[in-house]
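# Coordinate inspection notes
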Amino acid sequence: MKAINVGLLGIGTVGSGTFKVLSRNAEEITRRAGREIRIAMIADRDIEKAKKLAGGSAIVTDDAFKVASSPDIDIVVELIGGTTVARQLVLEAIKNGKHVVTANKALLALYGNEIFAAAQKAGVIVAFEAAVAGGIPIIKALREGLTANRIEWIAGIINGTSNYILSEMREKGASFADALKDAQALGYAELDPTFDIEGIDAAHKLTLMASIAFGIPTQFDKAYTEGISKLTREDITYAEELGYRIKLLGITKRTEKGIELRVHPTLIPAKRLIANVEGVMNAILVKGDAVGATMYYGAGAGSEPTASAVVADLVDVTRMHTSDPEHRVPHLAFQPDAMSDVAILPMSEVETAYYLRMRAFDKPGVLADVTRILADLGISIDAMVQKEPIEGEEHVDIIMLTHRTLEKHIDCAISKIEALAVISGSVKKIRLEELNRN
Ligand code: HSE
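All of these numbers come straight from a predicted model, not from anything done at the bench.

## Points about the sheet that holds strand β6 (residues 126-127)
With parallel pairing, six strands are arranged side by side in an open sheet as β3-β2-β1-β4-β5-β6. Taken across any chain shown, the strands that pair with only one partner, and hence form the sheet edges, are β3 (59-61) and β6. Bridging between strand β5 (residues 99-102) and β6 involves two bridges; their strand directions are parallel. In the sheet register, Val100 faces β6, and the bridge partner there is Val126.

## Focus: the packing of helix α6 (residues 105-122) against helix α11 (residues 200-214)
Contact pair α6 / α11: the axes reach a minimum separation of 8 Å and the direction vectors enclose 55°. When the axis of α6 is compared with that of α11, the two are oblique. The handedness of the crossing between α6 and α11 comes out as left-handed. From α6, Lys105, Ala106, Leu108, Ala109 and Leu110 reach across to α11, where they touch Asp201, His204, Lys205, Thr207 and Leu208. In terms of residue class, the contact of α6 with α11 is built from five nonpolar, two polar and three charged.

## Re the nonpolar core
Counting residues in each nonpolar core, the largest one holds 80 residues, and the members touching the most others are Ile138 and Ile165. A total of nine residues in this core trace back to one element, the largest contributor, which is α11. Once residues lying within four places of it in the same chain are set aside, the contact partners of Ile138 are Glu129, Val132, Ala133, Met209, Ile284, Val286 and Tyr296. One finds Leu8, Ala103, Val310 and Val317 within the second-largest nonpolar core, a separate group that totals 31 residues.

## Quick word on helix α12 (residues 233-241)
Each α-helix winds once per 3.6 residues, and so residues spaced three or four apart point in a common direction. When we look at burial in α12, the residues that qualify are Asp235, Ile236, Tyr238 and Ala239. One face of α12 carries all of its buried residues, which in axial projection span an arc of 165°. Each element contacted by the buried residues of α12 is listed here: α8 (160-172), β9 (244-254), β10 (259-269), β13 (351-361), β15 (395-402) and β17 (423-432). Looking one or two residues past α12, Gly243 carries a phi angle of roughly 90°, positive in sign.

## Re the domain arrangement of the chain
Parsing the chain into structural domains produces domain 1 (4-135 + 303-338), domain 2 (138-299) and domain 3 (351-432). The centre of domain 1, based on its C-alpha atoms, is set 51 Å off from the matching centre of domain 3.

## Considering the site of the ligand
As a matter of local geometry, the ligand sits amid ten residues, with Lys105, Gly160, Thr161, Asp196 and Lys205 nearest to it. The side chain of Asp196 places a nitrogen or oxygen atom 2.9 Å from a nitrogen atom of the ligand. Here the ligand loses 91% of its free accessible area of 260 Å² to cover by the protein chains. Split into classes, the residues belonging to the shell around the ligand amount to two nonpolar, three polar and five charged.

## Side note on the packing of helix α2 (residues 26-33) against helix α13 (residues 303-320)
The axes of two packed helices give the description: the angle between them and the distance between them. Axis separation between α2 and α13 bottoms out at 9 Å; the angle between their running directions is 35°. Every pair of crossing elements has a handedness; the one defined by α2 and α13 is right-handed. Residues Ile29, Arg32 and Ala33 of α2 form the contact with α13, whose own contacting residues are Val311, Val315, Thr318 and Arg319. Here the residues of the contact of α2 with α13 sort into four nonpolar, one polar and two charged.

## Observations regarding the environment of Ile29
Tracing the sequence through the fold places Ile29 in helix α2. Residues Ile29 and Val315 lie 286 residues apart in sequence; the distance between their C-alpha atoms is 7.3 Å. Among residues more than four places away in sequence, those in contact with Ile29 are Val21, Leu22, Ile37, Val311 and Val315.

## Observations regarding helix α5 (residues 85-95)
Within the sequence span of α5, burial applies to Ala86, Leu89, Val90, Ala93 and Ile94. Looking straight down α5, one finds that the buried residues subtend no more than 135° of arc, so they occupy a single side. Buried residues along α5 sit against β1 (4-9), α4 (64-69), β4 (75-78), β5, α6 and β6. Downstream of α5 by a residue or two, Gly97 has a phi angle that is positive, lying close to 75°.

## Overview of the packing of aromatic side chains
Applying the stated criterion across every chain, the model contains two aromatic pairs. Ring geometry for Phe116 and Phe128: centres 5.5 Å apart, planes at 45°, overall tilted. Of this pair, Phe116 sits in helix α6 while Phe128 sits in the loop between β6 and α7 (138-145); the two residues are twelve residues apart in sequence, bridging distant segments of the chain. Neither Phe116 nor Phe128 differs from the other in exposure class; each is buried. Ring centres 5.1 Å apart and planes at 65° place the aromatic pair Tyr164 and Tyr188 in the edge-to-face group. Placement of the pair is Tyr164 in helix α8 and Tyr188 in the loop between α9 (176-185) and α10 (193-197), with a sequence separation of 24 residues. Geometry around Tyr111 places Arg87 over its ring, the cationic atom sitting 4.4 Å from the centre.

Thresholds applied
Residues numbered from 1 in each chain as written. Predicted model: local features only at pLDDT ≥ 70, side-chain atom pairs only at ≥ 80, totals over all residues. Heavy atoms only, no water. Pairing = 2+ DSSP bridges. Helix = DSSP H or I, 4+ residues; strand = E, 2+ residues; numbered from the N terminus. Axes fitted to C-alpha atoms, helices over the stretch in contact; angles between N-to-C directions. Parallel < 35°, antiparallel > 145°, perpendicular 65-115°, else oblique. Left-handed = near helix turned anticlockwise from the far one by under 90°. Contact = heavy atoms within 4.5 Å. Nonpolar A, V, L, I, M, F, W, Y, C, P; charged D, E, K, R; others polar. Core = buried A, V, L, I, M, F, W, Y, C linked by side-chain atoms within 4.5 Å. Buried < 20%, exposed > 50% of the residue type's maximum accessible area, 1.4 Å probe, protein only. Arc of directions from axis to C-beta. Domains from an automatic or database assignment. Near = heavy atom within 4 Å. Polar contact = N/O pair within 3.5 Å; in protein donor to acceptor, adjacent residues only side chain to side chain. Areas by Shrake-Rupley, 256 points an atom, 1.4 Å probe, with all protein chains shown as cover. Phe/Tyr/Trp six-rings, centres within 6.5 Å; stacked < 30°, edge-to-face > 60°. Lys NZ or Arg CZ within 6 Å of the ring centre and 35° of its normal.

Pasting the structure below:
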């Protein structure tokens, strides 16, 4: 059978990895796909680099739009990143009847609804396994492997850079700033580290997983996003002393009131498997009503791990290339006319447990004042520790873990606690999830 022709846009880390994996495993990939998958065109601003990589096997250009409109190309692989030119290129490729494979989570989190609708109309596939958690086949698992289930919740470590920083802070006592510098030197952090450390990259990925899990449109603008840049070594140590680890989690959950969609630092019991995912590795827990809790672990970034997902999509698209568009797996797992409009919950309505740290004068009645405020709002305390005062200081750190309550209740309690004369500065709040099987 005639080879399927691929146009590769961008030969950075993932693009060159894709080229290498496709070449190295060409024979096995052909046996799986049923025909050869050939990179026929490459577009990159660095023509010389592209020529060197192609070694004469592909047409090289610096005009990506030429690839997106070439009649010889069947699948366009978008690995340029960003949401401006990449969006135009993807829409152009779709308009020209080409299937698209992309690793671009920001693009799909922000413009997924537009792109999937255009693809649906044109009868082409937009595949994006590489957009979430690099090499872990989590899109395939959610969209196909767990299709019997009513998905209840997903909780994932889906940003390797922040996980690396948190591991360094916990294991080596490094400060946030030093651990970030390290991550940048090792090439883990995105070009703009804000996306990694402020939870934006994780929220892009979470947005896509939530859409597939619950059959809802992509709604990145409704995701709550809080990063790790304000975490201190003290909080990591105190959490550890109480049997917890702090991880940046992306959590999406179906509740009676709506869908939770949130990224934030989270205390999780140290004994959970996911709490022991260290360094740049990613892991995602998915709870389905039939299967129970399942976990997916692996490299969330990197040249060949991400290429593994890109090539898997290329094989999938190749297999389905000639199939009737009506009978393909829907982009977001649910049929486009059967999407749900269930709302994303505002954070004030989210229910979870909390870690609170406050600095108080060490004198009689302080704890009574604080616990009275919590009790009046119906918030129950699960554990409490008062640290020894540091020599020469008048204040002591008090750490409390609460049972589950609504975020609006804890926020109200915090403002009342902060107003107490015996409390110095602000109260630190970190959410806590047990992540048990229920
Ligand atoms: N920068 C991301 C991370 C990888 O640190 O996980 C690409 O999404």
